[in-house]
Amino acid sequence: MQTNKNIHSNWENIKLIHSGEDYFSRLESLILDAQSEIHIQIYIFEYDSTGKKIIEALKKAASRNVKINILLDGFGSLSFPKEAINDLKKIGIVIRIFSPFFSANSLYIGRRLHHKIVVVDAKTTLIGGINIADKYRGSKEIAPWLDFAVEINAENIAKPLQELCQDIYLKKRIIRRKEIQSDIATPKDTTIKILQNDWLKRKNEVFKAYINKIGNAQKEIVIVSSYFLPGKRLLNALKKASQRGVKIKLILSGVSDVPLARRASCHLYSKLLRYNLEVYEWKKSVLHAKIAVIDGNWTTIGSFNLNNLSSFASIEMNVEIYSVEFAKNYLLDLKEIMAQCEIKTSETLKATTGFTSKFTNWVSYWTSRTIEIMVTYFPHKRFRKFY
């Protein structure tokens, strides 16, 4: 996919970063240039060529006495070798597994650390949906998974976010609730806010932001969603927005690493089209992005999926950007993506979806819903044991 990856290059404080070399070259550079402290909290850290390259950069930073804290999810990074963890600890890198999938006293299922955050020297932040793995970097032969992150160069964002990462790493039961927000000079008239979603700790900021912005949308909603299985409240918000005359475009997975989830999303297509929503399928690579641009002035990018797992189980983080200029330029990227998508219509759906396919989609939908209920139920029953 050819997109305009340099459209934000003249913005000093905030930059849109694409998956692929764009993200990983920047990540490696930030680590190698770090002077004092690095915090990484991430769902998937693969011990593949990309992961090993980032590890080598971290080792070089540690050799300069840079303090490094890494928090990996126990399920997403299940394959990360214990030997590699021990090697990192030996050179002073502090690393912990969040909520090991199997522990001595329980089976952890739904409550996952789904963050994709890097904070360097309490000055620079990378936040988005990109994990550390070959599939997000891609190669000359294979396109990277489609995803985005934002680089923020603002101490009044990075410093409190670093403190928040430290609190989560140290398992503090009372996590700071102070808003992480900043007005910045460039791009002009821009406000950045960090949104947390951790339902068990009474943080529903990402979910509420989606509901609020969709509910108040006047012109256009563009959503890119990798595992699109919204609950009734969000689906109704989209329906009502469409009834108000808001133009809604959904960019969904045509290729997915979780075929069951894609089939479940397909079950909703008929309903979405009846609501007059435009549905686009991206088939050039796995779609992993979780973003929205609403009314050309509000953008959110992060780890939050539009499904109940993100809403009620996982620990999520998004960045919220109020900026006409940022949204305008981002929409240029999204228009290029939509131009390469397959457009779904009622006519094409009827022509391509037979009884067997409809039945498979129906079974996938209700199977996914059942799984969601199960994995969100277990964290709820463990309400007093957050970690």
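The rules behind these values
Residues numbered from 1 in each chain as written. Predicted model: local features only at pLDDT ≥ 70, side-chain atom pairs only at ≥ 80, totals over all residues. Heavy atoms only, no water. Helix = DSSP H or I, 4+ residues; strand = E, 2+ residues; numbered from the N terminus. Buried < 20%, exposed > 50% of the residue type's maximum accessible area, 1.4 Å probe, protein only. Areas by Shrake-Rupley, 256 points an atom, 1.4 Å probe, with all protein chains shown as cover. Salt bridge = Lys/Arg side-chain N within 4 Å of Asp/Glu carboxyl O. Pairing = 2+ DSSP bridges. Axes fitted to C-alpha atoms, helices over the stretch in contact; angles between N-to-C directions. Core = buried A, V, L, I, M, F, W, Y, C linked by side-chain atoms within 4.5 Å. Contact = heavy atoms within 4.5 Å. 1 Å grid on protein atoms, 1.4 Å probe; cavity = no way out; pocket = protein on both sides within 12 Å on 5 of 7 lines; lining within 4 Å. Points joined across faces, edges and corners; volume = space filled by probe spheres on them. Nonpolar A, V, L, I, M, F, W, Y, C, P; charged D, E, K, R; others polar. Parallel < 35°, antiparallel > 145°, perpendicular 65-115°, else oblique. Left-handed = near helix turned anticlockwise from the far one by under 90°. Right-handed = clockwise from strand over helix to strand, strands pointing away.

### Let's talk about the overall build of the protein chain
The helix and strand tally for the protein chain stands at 13 helices and 17 strands. Across the 387 residues of the protein chain, 58% fall into the buried class. With the model as given, the accessible surface of the protein chain reaches about 17200 Å², and the carbon-plus-sulfur share is 53%.

### A few points about the pattern of salt bridges
If charged atoms from side chains of opposite charge come close, those side chains can pair. Under the counting rule described, the total for this entry stands at 13 salt bridges. The salt bridge partner of E56 is K59, with a shortest N-O separation of 3.7 Å. A residue pair is termed a helical-turn pair when its members lie 3 or 4 positions apart in one helix, as E56 and K59 do in helix α2 (residues 49-63) at 3 residues. Between K249 and E220 there is a salt bridge whose closest N-O contact spans 3.5 Å.

### Observations regarding the sheet that holds strand β4 (residues 94-98)
The 7 strands are arranged β1-β7-β6-β5-β2-β3-β4 in an open sheet whose pairing can be described as mixed. The sheet is open, and its two edges are formed by β1 (14-18) and β4, each paired on a single side. Going from strand to strand, the sheet's axes swing by 10° on average, the running direction of each strand aside. Relative to strand β7 (residues 148-153), β1 is paired through 5 bridges, and the arrangement is antiparallel. Within the sheet, the bridge partner assigned to L16 lies in β7 and is V150.

### Here we look at the nonpolar core
By size, the foremost hydrophobic cluster in this structure holds 45 residues, and its most contacted members are F148, I301, V319, Y330 and L334. Setting aside chain neighbours within four positions, we find L334 in contact with V222, V224, I251, I291 and V293. Within the second largest apolar cluster, 39 residues are counted, among which are I42, L72, F80 and I95.

### Structural notes on the layout of surface pockets
In this structure, the largest pocket occupies an estimated 850 Å³ of space. As for the largest pocket, its lining consists of 33 residues, and the residues nearest its centre are Y43, F75, Y227, V258 and L309. Broken down by secondary-structure element, the contributors of at least two residues to the lining of the largest pocket are α4 (134-137), α8 (259-266), α10 (308-312) and α13 (355-381). Of the residues contributing to the lining of the largest pocket, the split by class is 17 nonpolar, 10 polar and 6 charged. Space inside the second largest pocket adds up to approximately 390 Å³. Lining of the second largest pocket is provided by 19 residues; of these, C266, S270, L349, T353 and N361 occupy positions nearest its centre. Elements supplying a minimum of two residues to the lining of the second largest pocket: α8, α9 (269-274), α12 (346-352) and α13.

### Structural notes on the packing of helix α6 (residues 205-216) against helix α7 (residues 232-243)
At a minimum axis distance of 9 Å, the contact between α6 and α7 shows a crossing angle of 20°. When the axis of α6 is compared with that of α7, the two are roughly parallel. The two elements α6 and α7 cross, and the hand of that crossing is left-handed. In contact with F207, Y210, I211 and I214 of α6, α7 contributes R233, L234, A237, L238 and A241. Here the residues of the contact of α6 with α7 are counted per class, giving 8 nonpolar, no polar and 1 charged.

### A few points about the environment of W362
Position of W362 among the secondary structure elements: in helix α13. Judged by its relative accessible area of 43%, W362 is partly exposed. Separated by 99 residues in sequence, W362 and R263 place their C-alpha atoms 8.1 Å apart.

### Examining the environment of I142
Within the secondary structure, I142 sits in the loop between α4 and β7. Distance from I142 to S285, taken between C-alpha atoms, is 8.3 Å for residues 143 residues apart in sequence.

### Notes on the environment of A84
Structurally, A84 can be placed in helix α3 (residues 82-90). What makes A84 buried here is its relative accessible area of 7%. Each C-alpha atom of the pair A84 and I55 lies 9.2 Å from the other, and the pair is 29 residues apart in sequence.

### A closer look at the pairing of strand β11 (residues 220-225)
Consecutive residues of a regular strand have side chains that alternate between opposite faces of the sheet. Along β11, 5 of the 6 residues are buried, which leaves the element largely enclosed by surrounding structure. The pairing of β11 with strand β12 (residues 247-253) spans 6 bridges and is parallel. Each bridged residue has a counterpart across the sheet, and for V222 the counterpart in β12 is K249. Of the crossover connections in this fold, the one passing from β11 over α7 to the parallel β12 is right-handed. Note that β11 and strand β14 (residues 290-294) share 5 bridges and pair antiparallel.

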